[in-house]
Amino acid sequence: MQCPRCRHETRDGARFCGQCGVSLDPGMACPRCAAVNPPGQKFCDACGASLSPTAPPRAPARDARAYTPHHLIEKILTTKSALEGERKQVSVLFADLVDSMRLAEGLDAEEWHRILDRVFAILMRAVHRFEGTINQFTGDGVMALFGAPVAHEDHARRACHAALSAREELRAYASALRPRGLELSVRMGLNSGEVVVGKIGDDLRMDYTAQGHSVGLAARVQQLAAPGAVLLTEHTARLVEGFFALADLGLHAVKGVSVPVRVFELRGIGPLRTRLEASGLRGLSRLIGREAELAWLDSILARPMESKGQVIGVVGEAGVGKSRLCAEFIERCRARGVAVFEVHCPAHGATVPWLAIRELLRSCFALADGDSAEAIRRRVGQALHELDPGLGDAVPLILEVLGVTDPTAPDHSAPSVAERLAGFMRRFVRLRSATDPVVLLLDDAHWIDRASDELMREIAASVGDSRTLLLANFRPEYRPAWIGGSRYHQLALSPLGDEASRELLRELLGADSSLGDLSELICERTGGNPFFTEEVVQTLAASGSLVGERGAYRLTASIDALALPATVQALLAARIDRLGEPAKQVLQAAAVIGKQFDEPLLREVSGLDDRDLVAALGALEDGEFLRLVTPSPRPEYGFKHPLMREVAYRSQLGERRARLHAAVATALEKLRADRLGEYASLIAHHWEASGMRFEAARWKRRAALKVANIKVRGRRSRQTP
């Protein structure tokens, strides 16, 4: 057993540390938020839950493996950082039954157990549908995480979707119980922020959970909620604004929080669907530095006008402006009278079969979100008849995919339906573009569901002899099956150059003298990524460091370091989590080494053999995490984006970072043995970061002597005639 204060190894079963005397009693874990409380406390000092053994009736203890999706269990058990613990941006959801003791009092224990089981099943289904993790049952409710163990850049939106989905189904279940005199209702609370997540326990009884202030705040907000309500903190509301309908309930005093907390009620789905639309609420900045790319797209569009269908893939890293470029091009197409059908793939839709194709059909038939089932039937039938009376037999198929048919109809994911749908889409594309050109936009294709992805291959193959342009944008890690062929063109979208970045910042910030070198600081940090640039400016404005309005800001406080926006951190962390374990391990080791590093040093620090290291570096290059700076004689690599290194570094717990810093210092001493004086300062830095102060001081003295010798030699050389 290791002492939490001094790290002394104490024998198993000891109650106090043999080195510093600190108590090793683990205290009592809160049944709601898992915070460890000192022995003797009656209530949790993190979330206020009762620690009394006479708590309300609880469901039997559940093994986490019984209710956690298999892919999440595998992620936890096979990912080193998940087992050791890591920092993540997450959204925490607490949900519990209102007045559970009163409800249980008049029921047989077995019947109460059945009701609880049904409630838990509804909550689990909603959470798992949006790839959340139920990490704890709290007797009469659950605690769920979104964004861990698998990071999601849209974790807050997923949590809100899950809460609304669960609330709707729970209301239906409550209606069924009401005739029996049971008034069942659930209240929920959500908060987003950085937490430490990881394994608690051992493989025989393992819990994966989150700890930190953000967890306790979610629990406290849930306690403020009225029966049937879902409350969000301002942290979550800021991340989902526009995507959901929210009601500002004002400031509330929350126990354990020094300042009042602004609380919002989640009312329903909002009007926004994409991140670009959300940026539009603040006002889109002028498209800068993409004139050549727009001209290239215009040149390709000329070919479908002449019945030579084309396919274009716009590829680039997250935030580089793929969706914005495509949106600008689409507006040009519409201005020319070209028909445009759009599909925007949400991150949480990757597990929903046919979602992208369903959205494409809704766009093709001009269906609105609020249309009734009868209106959809009428519109689809009329549109197909006008296009070709022979398409009438396809109406039941289309309605089935749109989800407006008899619920007893066969599952539309069946292979025969997929084949019929592929045949229809090939025919539809040719007929629709027979007289007028058509542009099909597939936005964020890297999040397309598998069934739709397979069908997109059929659509791409069918555009050849039509007047159709299929335009898709996606990230480098996505490899569509329809890439290739003489009709396929790819546009690799790079970050903005220095001049374009400065121009964008002039438009965002203005030119007030108080701004000083802020633009240069932001340029260096964001690396020409337009989304990152706008998010950094937005974060500075939200924090009060910038006052005024867009394009006319004034800097009110000195800025030595720029905070990393939570949106950017979540986005990059999600990309890192999609890596295989060796590649993620190499990336984290590289982040500790520095901005640039050579392959032998990385091999020493990562502990991988040559074969695994080469494979990991190849994956990181292909995914555009790293770039090869110097190929020979000693390959050197660097982070492609400065913020990627920061996120890879910050996601690791301090203890792991300290171990890696010590490994880097040791490796430098070994690999740079012939030039230790030159590297003394760097070695000292890594020893200091590892917590080894004695070693750090020793190397600092050596670095100081090196500097002193250089100065002495310099003076002597100047004195020599």
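Heads up: these notes are all about the structure in this document. Keep in mind the model is a prediction, meaning the values are calculated, not measured.

A few words now on empty space enclosed by the protein. The full count for this structure, using the stated rule, is eight cavities of 30 Å³ or more. Looking at the second largest cavity, its volume works out to about 60 Å³. For the lining of the second largest cavity, the per-class residue count stands at five nonpolar, two polar and four charged.

A separate point is the nonpolar core. Ranked by size, the top nonpolar core spans 53 residues in total, and within it Phe 365, Phe 424 and Trp 482 carry the most contacts. No other element matches helix 15 (residues 415–432), which puts seven residues into this core. Beyond its immediate sequence surroundings of up to four residues, Trp 482 is in contact with Val 311, Leu 442, Asp 453, Met 456, Arg 457, Ala 460, Ala 472, Phe 474 and Tyr 488. With 52 residues, the next largest nonpolar core counts Ala 583, Ala 591, Phe 597 and Leu 676 among its residues.

The next point concerns unusual backbone geometry. With an omega of 0°, the peptide bond between Ala 148 and Pro 149 qualifies as cis. With respect to the helices and strands, Pro 149 occurs in the loop between strand 5 (141–146) and helix 6 (155–177). With an omega dihedral of 0°, the bond running from Ser 632 to Pro 633 counts as a cis peptide bond. For Pro 633, the position within the fold is in the loop between strand 19 (626–630) and strand 20 (636–639). The residue Asp 99 is not glycine, and still its phi comes out positive at about 55°. The topology assignment puts Asp 99 in the loop between strand 3 (86–97) and helix 4 (100–105). The exposure class of Asp 99 is partly exposed, given its relative accessible area of 46%. The residue Trp 354 is not glycine, and still its phi comes out positive at about 70°. Of note, Trp 354 is situated in the loop between strand 12 (339–344) and helix 12 (355–364).

Quick look at the pairing of strand 10 (residues 261–269) now. Sheet topology places strand 8 (residues 230–233) next to strand 10; three bridges connect them, and they run antiparallel. From the neighbouring strand, Leu 231 faces strand 10, where its bridge partner is Glu 265. Taken together, the seven bridges between strand 9 (residues 244–252) and strand 10 define a ladder with antiparallel strand orientation. Considered in strand 10, the bridge of Asp 248 is made with Phe 264.

Okay, the pairing of strand 5 next. In terms of burial, strand 5 is a largely internal element, six of the six residues being buried. Of the two faces of strand 5, the one carrying Gly 141, Met 143 and Leu 145 and the one carrying Val 142, Ala 144 and Phe 146 are both buried. Bridge count between strand 3 and strand 5: six bridges; the pairing is antiparallel. Following the sheet pairing, Leu 93 is matched in strand 5 by Ala 144. Sheet analysis places strand 4 (residues 133–137) next to strand 5, joined by four bridges and oriented antiparallel. Among the inter-strand pairings, Ile 134 is bridged to a residue of strand 5, identified as Ala 144. The turn joining strand 4 and strand 5, which pair antiparallel and follow one another in sequence, is formed by three residues; a positive phi near 90° is taken by Gly 139.

Position of Asp 560 among the secondary structure elements: in the loop between strand 17 (552–555) and helix 20 (566–577). In this structure Asp 560 comes out as exposed when scored by relative accessible area, which is 71%. Along the backbone, Asp 560 and Leu 521 are 39 residues apart, and their C-alpha atoms lie at a distance of 9.1 Å.

What counts, and at which threshold
- Residues numbered from 1 in each chain as written.
- Predicted model: local features only at pLDDT ≥ 70, side-chain atom pairs only at ≥ 80, totals over all residues.
- Heavy atoms only, no water.
- 1 Å grid on protein atoms, 1.4 Å probe; cavity = no way out; pocket = protein on both sides within 12 Å on 5 of 7 lines; lining within 4 Å.
- Points joined across faces, edges and corners; volume = space filled by probe spheres on them.
- Nonpolar A, V, L, I, M, F, W, Y, C, P; charged D, E, K, R; others polar.
- Core = buried A, V, L, I, M, F, W, Y, C linked by side-chain atoms within 4.5 Å.
- Buried < 20%, exposed > 50% of the residue type's maximum accessible area, 1.4 Å probe, protein only.
- Helix = DSSP H or I, 4+ residues; strand = E, 2+ residues; numbered from the N terminus.
- Contact = heavy atoms within 4.5 Å.
- Pairing = 2+ DSSP bridges.

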